[in-house]
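# Overview (structure and organization)
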Amino acid sequence: MTAVVSRSRPAGDVGVPAVGDHLTALESEAIHIIREVAGEFDRPVILFSGGKDSTLLLHLAVKAFWPAPVPFPLLHVDTGHNFPEVLQFRDKMVAKHNLRLIVAEVQRWIDEGKVAERPDGTRNPLQTVPLLDTIAEHRFDAVFGGGRRDEERARAKERIFSLRNAFGQWEPRRQRPELWNLYNGRHRPGEHVRVFPLSNWTELDVWHYIARENIELPSIYYAHEREVFRRDGMWLTAGPWGGPREGEQVVRKMVRYRTVGDGSCTGAVESHATTVEDVIAEVTASRLTERGATRADDRLSEAAMEDRKREGYF
Amino acid sequence: MSSLLRLATAGSVDDGKSTLVGRLLYDTKSVLADQLDAVTRASVDRGLSTPDLSLLVDGLRSEREQGITIDVAYRYFATPKRKFVLADTPGHVQYTRNTVTGASTAHLAVLLVDARNGVIEQTRRHAAVLALLGVRRLVLAVNKIDLVGYDEARFTAIADEFTAHAVALGYSPEEVQAIPVSALHGDNVVQKSGRTPWYRGPALLEHLETVPVADNPHDEPLRFPVQYVIRPRTAEHPDYRGYAGQIASGTIRPGDEVLVLPSGLRSRVERIDTADGPLDEASAGRSVTLVLADDLDVARGDLIAAVDAPPRVTGELSAALCWLAEKPLTPGARVLVKHGTKTVQALVERLDARFDEQRLATIEAPETLRLNDIGQVAVRTAEPLPVDDYTTAHRNGAFLVIDPPTGDTLAAGLIGAPLPSLGVGR
């Protein structure tokens, strides 16, 4: 026998449930995960920065509990280096959905001497300690994040329910096998679980869903004119995190942001995509990953993300 | 809109699985320039002359250092026809643990063999685990076909041997597709290869794009585990009471008579709510909120089921376990069972058999089940559960075994006796 031509099996075959179109399948999966957390944990919280992934997460949480309000507060670890458009958007969303927002300001931890400013001025890696302290202070037992497995290869091995030890650390070898859609949220006192409902979404899925659901985002995700300067191959913008150094020339360009993080290390991409449809076309054609294009912090080493995750980062 | 195919890969060390997955990603243009740059740089650092595509997949530092894959990794790629979620499961250590994890959500599995070695012990084991988990379609990728000179006779011998094994496990020959590939050179991965003119079947990607997905269990009886009770108690919705969940199997319509288990109370579906408005119909896989006509006491952990084909409600389970923990199982073990949305205390009363996946035979009354063992056990639960056999309803026939003190997942449980259906007489 060589190759066998495939034929369809009769209906009634047992299999993995899959809903017709793939965006609806991803939505149903995410809502199921969010509701499991509501059913199994005492004190969940949603990490919310105002970026597109956490905005999508909030949108799904709103849908999961409709017509009741979202039964969790939001937590933002604010580096103090945020884009003003994103902070305004964050506050608008909180008001719109009548939510409680907890803000952990990295500046406070710097002032108290618990973390130290880095020589390069980047505050992204400084978020870990304020995050873990705030989780402990509020005794959060489940922490939702908008992380996706397609973002980075250490994330590709992340579980949907990711156990963190009493120090908030990710131990790749202690992660539990994740079977069917049965999530195991058991944890010992002091441990918590990070939950990633968007695990199986790609950047393009996110944009297609944003288009389908007409989800509002901070304006900087769309092309706009901005003064930028070139550093480490990225277009950075001046802000409280500093501006151009000597020899770095400021130019006006049409740009947009593919990711939104600490302003000191989040680069803009040159773009004329002013609508969600334009963005989808641009992302489809892009030959760079969103992190590769825009995040200096992931370029530090071959295992930069893995190391930060082990320390307790998102 | 394109459909979603979930697949798992399995193979032993050095079969070239990471290279095959890397090739699939690379040739479907799912690898972007910066990822490829990173791989090229790392390959040069390791003294290689061409980019090592397996480095796209091996994510953790120790994996790259040792050149092996440790943990299940998920990969995403898409063609205009389908979106693919690929669970890449490593083969050497803890093979059952990883294969079971990948297979539990897969429509299809790709097994790799090295054309020089053919079907080996691990291939047969993987196939048995896939059969047990009910993965309905298998692809045998006969890799490194270039190293046997693209030899048709060699390929046919391997394909025939494997198909015979799969048939013994309960597959029909149409459910098994053997493909000669070279992951390194790309033969028959995305494009049909000119070097295997004797092979008339599809390239791997074409097969993945067109294989019928063992479709949604829409025609099975309704099973709806209640996850959460939605009670807004707001001015706008003072008396709203809805039962949120994801449909495990079947199709539901307003007006359907339903049974709430384990209480056995009956009601009628008044509305199927979503945030986007009520639905006329919803099927397996969809997350919805059901509003019932009667004011019943329904809570998380209950199951809403079809009146005409209810599950059995029992505290005595006979089940197959895939043991996934270092700590062995002995009779009398006290555990937690998570079934659907309910977690109950349970006692493993007896170990009835251990399955020898090599010889497709069973060993009666084993003393323990160890890491990677598959066995048949008797479990008593503290409260009755509404269950189906795994072979007839996957979602309502599956459970987790959890270690009470640590919370670790110890085993995957499959209700009923799926081992005899593997062709093992007992």
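Residues numbered from 1 in each chain as written. Chains lettered and ligands numbered in written order. Predicted model: local features only at pLDDT ≥ 70, side-chain atom pairs only at ≥ 80, totals over all residues.

### Some words on the overall build of chain B
A tally of regular secondary structure across chain B gives 7 helices and 22 strands. Within chain B, contacts between residues separated by at least 24 positions form 70% of all contacts whose residues are at least 6 apart in sequence. (Helix = DSSP H or I, 4+ residues; strand = E, 2+ residues; numbered from the N terminus. Contact = placed C-beta atoms within 7 Å.)

### As for the overall build of chain A
Scanning chain A from terminus to terminus reveals 9 helices and 10 strands. Counting every position in chain A, which comprises 314 residues, the buried fraction comes to 52%. Summarising the internal contacts of chain A: among those between residues at least 6 apart in sequence, 76% fall at separations of at least 24. (Buried ≥ 20, exposed ≤ 12 C-beta atoms within 10 Å, placed from the backbone.)

### Some points on unusual backbone geometry
Here W66(A) and P67(A) are connected by a cis peptide whose omega angle stands at 0 degrees. Here P67(A) is to be found in the loop between α2 (52-65) and β2 (74-78). A cis amide bond links L261(B) to the next residue, P262(B), at an omega of 10 degrees. You can see P262(B) is positioned in the loop between β11 (257-261) and β12 (265-273). Positive phi values are uncommon outside glycine, yet N214(A) reaches one of about 55 degrees. In this structure, N214(A) sits in the loop between α6 (203-213) and β7 (224-231). Residue classification places N214(A) among the exposed residues on the basis of 7 C-beta atoms within 10 Å.

### Side note on α2(A)
Its 14 residues give α2(A) an end-to-end C-alpha distance of 20 Å, which sits within 8% of 20 Å, the value for a rise of 1.5 Å per residue. Along α2(A), the residues that are buried comprise K52(A), D53(A), S54(A), T55(A), L56(A), L57(A), L58(A), H59(A), L60(A), A61(A), A64(A) and F65(A). Against α1 (22-40), β1 (44-47), α3 (84-96), β4 (142-144) and α6 of chain A together with β8 (228-230) of chain B lie the buried residues of α2(A). (Expected span 1.5 Å × (residues − 1).)

### A closer look at the packing of α2(A) against α6(A)
All names here are of chain A. Remark: α2 packs on α6, axes separated minimally by 11 Å, with the N-to-C direction vectors making an angle of 50 degrees. With respect to their mutual orientation, α2 and α6 come out oblique. Seen along the crossing, α2 lies across α6 with a hand that is left-handed. Counted together, K52, D53, L56 and H59 of α2 and V206, Y209, I210 and E213 of α6 form the full contact between these two elements. (Axes fitted to C-alpha atoms, helices over the stretch in contact; angles between N-to-C directions. Parallel < 35°, antiparallel > 145°, perpendicular 65-115°, else oblique. Left-handed = near helix turned anticlockwise from the far one by under 90°.)

### Notes on the domain arrangement of chain B
All names here are of chain B. Entries for chain B in the domain assignment read domain 1 (3-210), domain 2 (223-306) and domain 3 (312-422). At the interface, 12 residues of domain 2 touch 9 residues of domain 3. Only β7 (223-225) and β15 (303-306) provide two or more residues apiece to the side of domain 2 that touches domain 3. Taken together, the residues of the side of domain 2 that touches domain 3 sort by class into 7 nonpolar, 3 polar and 2 charged. (Domains from an automatic or database assignment. Nonpolar A, V, L, I, M, F, W, Y, C, P; charged D, E, K, R; others polar.)

### Details of the sheet that holds β4(A)
Residues and elements named next belong to chain A. Ordered by their spatial adjacency, 6 strands build an open sheet running β3-β2-β1-β4-β6-β5, and the pairing between neighbours is mixed. Each having just a single partner strand, β3 (101-105) and β5 (161-164) make up the two edges of the open sheet. Pairwise comparison of adjacent strand axes, ignoring direction, gives a mean angle of 30 degrees for this sheet. When β4 meets strand β6 (residues 192-195), the two strands line up parallel, connected through 3 bridges. The residue of β6 that forms the bridge with A142 is V193. (Pairing = 2+ DSSP bridges.)

### Notes on the pairing of strand β14 (residues 287-292) of chain B
Residue and element names in this part refer to chain B. For β14, a buried count of 5 out of 6 residues is recorded, marking the element as mostly surrounded by other parts of the structure. Strand direction decides the pairing type here: strand β9 (residues 242-246) and β14, joined by 4 bridges, are antiparallel. Looking at β14, one finds that G245 is bridged to V288.

### Points about the confidence of the model for chain B
For chain B, per-residue confidence averages 88 on the pLDDT scale, and 88% of positions sit at 70 or higher. Here the prediction assigns the complex a pTM of 0.90, and the interface score ipTM is 0.90. (pLDDT = per-residue confidence, 0-100.)

### A word on the pairing of β2(A)
Residue and element names in this part refer to chain A. The buried count for β2 comes to 4 of 5 residues, which makes it a mostly enclosed element. The parallel pair β1 and β2 is bridged by α2, and the resulting crossover is right-handed. Across 5 bridges, the pairing between β2 and β3 is parallel. Along β3, the bridge assignment pairs L74 with L101. Handedness of the crossover joining β2 and β3 through α3 is recorded here as right-handed. (Right-handed = clockwise from strand over helix to strand, strands pointing away.)

### Re the domain arrangement of chain A
All names here are of chain A. As assigned here, chain A comprises domain 1 (22-204 + 305-311) and domain 2 (219-299). Across the boundary between the two partners, domain 1 contributes 20 residues, which contact 20 residues of domain 2. At the level of secondary structure, the elements contributing two or more residues to the side of domain 1 that touches domain 2 comprise α3 and α6. Of the residues contributing to the side of domain 1 that touches domain 2, the split by class is 5 nonpolar, 9 polar and 6 charged.

### Things to note about the sheet that holds strand β10 (residues 269-270) of chain A
Residues and elements named next belong to chain A. Sheet architecture is open: 4 strands sit in the order β8-β7-β9-β10, paired in antiparallel fashion. Of all strands in the sheet, those with a lone pairing partner are β8 (234-237) and β10, marking the two edges. Where strand β9 (residues 250-256) lies against β10, 2 bridges are found, and the strand directions are antiparallel. Across the sheet, residue V255 finds its bridge partner in β10, namely E270.

### A short note on the nonpolar core
Ranked by size, the top nonpolar core spans 194 residues in total, and within it I46(A), A109(B), L111(B), L140(B), A141(B) and V142(B) carry the most contacts. The residues contacting L140(B), other than those within four sequence positions of it, are L111(B), V113(B), A159(B), F162(B), V176(B) and A178(B). (Core = buried A, V, L, I, M, F, W, Y, C linked by C-beta atoms within 7 Å.)

### Focus on the packing of α6(A) against helix α7 (residues 276-285) of chain A
Axes are the key here: two packed helices are described by the angle between their axes and the distance separating the axes. Residue and element names in this part refer to chain A. Close contact between α6 and α7 brings their axes to 10 Å; oriented N to C, the two are set at 165 degrees. In terms of orientation, α6 and α7 fall into the roughly antiparallel class. Read as a crossing pair, α6 and α7 show a hand that is left-handed. Contacts between α6 and α7 involve E203, L204, W207, H208, I210 and A211 from the first element and V276, E277, V279, I280, V283 and T284 from the second. The residue makeup of the contact of α6 with α7, split by class, is 8 nonpolar, 2 polar and 2 charged.

### Focus on the environment of G50(A)
Residues and elements named next belong to chain A. Tracing the backbone shows G50 in the loop between β1 and α2. Residue class for G50 comes out buried when judged on the 24 C-beta atoms lying within 10 Å of it. Here the alpha-carbon distance between G50 and P218, two residues 168 residues apart in the chain, equals 7.3 Å. With sequence-adjacent residues up to four places away left out, G50 is seen in contact with T55, V86, L87, F89, R90 and P218.

### Side note on the confidence of the model for chain A
Per-chain confidence: chain A averages 84 in pLDDT, with 85% of residues scoring 70 or above. Throughout residues 1-19 of chain A the model reports pLDDT below 50, and contacts reaching past four residues in sequence, or to other chains, amount to 62 contacts.

### Points about the environment of G263(A)
Residue and element names in this part refer to chain A. Checked against the element boundaries, G263 lands in the loop between β9 and β10. Residues G263 and T79, 184 residues apart in the sequence, show an inter-C-alpha distance of 9.0 Å. Non-local contacts of G263, meaning those with residues more than four positions away in its chain, are made with H81, N82, F83, T237, G239 and W241.

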